[in-house]
Amino acid sequence: MSNNLLAGKVGIISGALNEESIAWKVALKAHAEGARFVLTNAPLAMRMGEINKLSEQCNAPIIPADATSMEDLEKLFSGTQEHFGGKIDFVLHSIGMSANIRKGKHYGELNYEWYQKTLDVSALSLHRMLAVAEKQDAFNEWGSVVALSYIAAQRAFLDYTDMSQAKAMLESIARSYGQRLGKLKKVRVNTVSQSPTKTTAGTGISGFDAFYEYADRLSPLGNAPAEACADYCISLFSDLTRYVTMQNLMHDGGFSTTGISEEIVELITNSKA
C-alpha cells in the first residue's frame, strides 16, 4: 500500500541489474511512493541485465554511466536535472564489484590491480558521485543519499576479501561527505548494512549459502529480505528521517548485536552428539 512518502521527489537509482537486485526493488517502491527518477548502471552491466524492463515499469529514463568516470557522472547528474527541470532529492548508490572474488582469489593472494579496481568501483564511486553533485549544486535542501553496505566493513568474513575494505571505505566516505553536504545543503548521507541477500552479487561469493543459513539462524528476526531493505531505503529518502545522517544503519534482523542464538547452540550440540 502506498503512502505517497516520496510524492514530488526526484532522484537517481544506480545498480539495478535484475529483479533480484535490491536497487531494482528500491526503484519499484520509490515509483509506488510517488517518486520520479533516472536509472543508471555501467554499460556492461546494462547489457548483462534487464534494466529496460524496469525502465518501462517505472516510466524512468536510463542514463548509462561508468561510476569510475567523472565525465560519465557529470553527464548523469546534469542529464537528470535537465530531464526533471530542477535539482534532485535522493540518490541510491548500489554499486560493487570485485574481480578477486569473481576469480576465487583468497585474501593472501589478491591481485592488487584488481584490488584497486574494487576500491575504485565499490567505494570511490560514491565520493565521485557526491563531488559531482556538489560541483553542480545538484541537490535540493534536505536531500538524501543512501549507499548499500555490509557488516564485513567492521568484521572479518571468509571469502569477502577486498570487498571488506571497499565497504569500510564506503562507510567512511559517507560520514565525511555527510558532514560536508549537511553543512552546505542539509543533505544527509547514510549507509545501510544489509543482511546477506540472494542477489546476483551476493550469491557469487564462495560459501554464500552456508553463511546465509548461519546468519538466518543467528538473527532473532531472521535475515532481512531485499524487499524490506527497499522499504528502509524509502524511509531514508523520505522527510520522516530528515535528521538521520552520517550513520551506518544495520538492517540485519539483529545479527550484528547477537552473540549466539538457541538455534546455533542446538546445531553445535547436535553435531557433537
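Residues numbered from 1 in each chain as written. Predicted model: local features only at pLDDT ≥ 70, side-chain atom pairs only at ≥ 80, totals over all residues. Heavy atoms only, no water.

Participant: Whenever I open this one, the packing of helix 1 (residues 22-32) against helix 3 (residues 51-58) confuses me. Can you help?
Facilitator: The contact between helix 1 and helix 3 brings their axes to 10 Å, and the two run at 10°. Accordingly, the angle class assigned to the pair helix 1 and helix 3 is roughly parallel. Two secondary-structure elements touch here, helix 1 through W24, A27, L28 and H31 and helix 3 through I51, K53, L54, Q57 and C58. For the contact of helix 1 with helix 3, the residue count by class is six nonpolar, two polar and one charged. (Axes fitted to C-alpha atoms, helices over the stretch in contact; angles between N-to-C directions. Helix = DSSP H or I, 4+ residues; strand = E, 2+ residues; numbered from the N terminus. Parallel < 35°, antiparallel > 145°, perpendicular 65-115°, else oblique. Contact = heavy atoms within 4.5 Å. Nonpolar A, V, L, I, M, F, W, Y, C, P; charged D, E, K, R; others polar.)

Participant: Sorry if this is basic, but what is going on with the nonpolar core here?
Facilitator: In terms of nonpolar packing, the biggest core is built from 31 residues, with L76, F77, V91, L126, L130, F139 and V145 touching the most fellow members. Listing elements by their share of this core, those giving two or more residues are strand 1 (10-14), helix 4 (70-84), strand 3 (88-93), helix 6 (112-136), strand 4 (139-149) and helix 7 (161-185). If you look at the next biggest cluster of nonpolar residues, it comprises 30 residues, including L6, C58, A60 and L249. (Core = buried A, V, L, I, M, F, W, Y, C linked by side-chain atoms within 4.5 Å. Buried < 20%, exposed > 50% of the residue type's maximum accessible area, 1.4 Å probe, protein only.)

Participant: Sorry if this is basic, but what is going on with helix 6 here?
Facilitator: One turn of an α-helix holds 3.6 residues; hence residues three or four places apart share an orientation. The end-to-end C-alpha separation of helix 6 is 33 Å, in line with the 36 Å expected for 25 residues at 1.5 Å each. Taking the backbone nitrogen of E113 as reference, a side-chain oxygen 3.0 Å away marks N111 as the first, capping residue of helix 6. Following helix 6 by one or two positions, D137 has its phi on the positive side, about 50°. (Expected span 1.5 Å × (residues − 1). Polar contact = N/O pair within 3.5 Å; in protein donor to acceptor, adjacent residues only side chain to side chain.)

Participant: Is there a simple way to think about the environment of L119 in this case?
Facilitator: Relative to the helices and strands, L119 resides in helix 6. Here the alpha-carbon distance between L119 and R188, two residues 69 residues apart in the chain, equals 23 Å. Residue contacts for L119: discarding those within four places in its chain leaves L124, Q165, A166 and M169.

Participant: Honestly, the pattern of salt bridges in this entry has me stumped. Any pointers?
Facilitator: Pairing between side chains of opposite charge can happen when the charged atoms of each approach one another. Applying the stated criterion across every chain, the model contains twelve salt bridges. As a salt-bridge pair, E227 and K25 come within 3.3 Å of each other at their nearest N and O atoms. Of this pair, E227 sits in helix 9 (residues 226-237) while K25 sits in helix 1, placing them 202 residues apart in sequence. You can call E227 partly exposed: its relative accessible area is 38%. A residue is classified by how much of its surface remains accessible, and K25, at 17% relative accessible area, is buried. For K75, the salt bridge identified is with E71, shortest N-O distance 3.5 Å. Residue K75 and its partner E71 are located together in helix 4, separated by four residues, close to a single helical turn. Among the charged side chains, a salt-bridge network with shared partners connects K9, D239 and R242. (Salt bridge = Lys/Arg side-chain N within 4 Å of Asp/Glu carboxyl O.)

Participant: Before we go on, may I ask you to explain the UniProt feature "binding site: NAD(+)" (unreviewed entry) in the protein in this structure?
Facilitator: Residues annotated by UniProt as "binding site: NAD(+)" (unreviewed entry) correspond here to G15, S21, I22, I95 and K167. If you trace the backbone, S21 turns up in the loop between strand 1 and helix 1. Given the relative accessible area of 9%, S21 is considered buried. Excluding residues that lie within four positions of it along the chain, S21 makes contacts with G15, A16 and T199. Here the side chain of S21 touches L17 through a polar contact of 3.1 Å, landing on its backbone nitrogen. Mapped onto the elements of the fold, I95 is located in the loop between strand 3 and helix 5 (99-102). Excluding its chain neighbours within four sequence positions, the residues that come into contact with I95 are S14, A67, V121, S122, S125 and M129. (UniProt positions renumbered as here; feature names shortened; annotations may be inferred.)

Participant: I keep staring at the sheet that holds strand 2 (residues 36-40) and nothing clicks. Help me out?
Facilitator: Backbone hydrogen bonds are what pair the strands of a sheet, in a parallel or an antiparallel way. Here six strands make up an open sheet; going across it, the order is 2-1-3-4-5-6 and the pairing parallel. Either end of the sheet is taken by a strand with one partner, and the two such strands are strand 2 and strand 6 (248-251). Geometrically, the sheet is characterised by an average inter-axis angle of 20° between neighbouring strands, direction not taken into account. As paired strands, strand 3 and strand 4 are joined by five bridges and run parallel to one another. (Pairing = 2+ DSSP bridges.)

Participant: Could you clarify how one ought to interpret a negative patch on the surface in this entry?
Facilitator: Taken together, the side chains of D216, E262, E263 and E266 define an acidic patch exposed on the protein surface. Relative to the assigned elements, E263 resides in helix 10 (residues 262-272). (Patch = residues over 30% accessible without salt bridge, like charges linked within 9 Å, V, L, I, M, F, W, Y side chains within 5 Å. Areas by Shrake-Rupley, 256 points an atom, 1.4 Å probe, with all protein chains shown as cover. Lys, Arg positive; Asp, Glu negative; His and termini not counted. Charge placed at Lys NZ, Arg CZ, Asp CG, Glu CD.)

Participant: So what exactly am I meant to see when it comes to the side chain of S164 here?
Facilitator: Relative to the elements of secondary structure, S164 occurs in helix 7. Excluding residues within four positions of it along the chain, S164 makes contact with A152 and A153.

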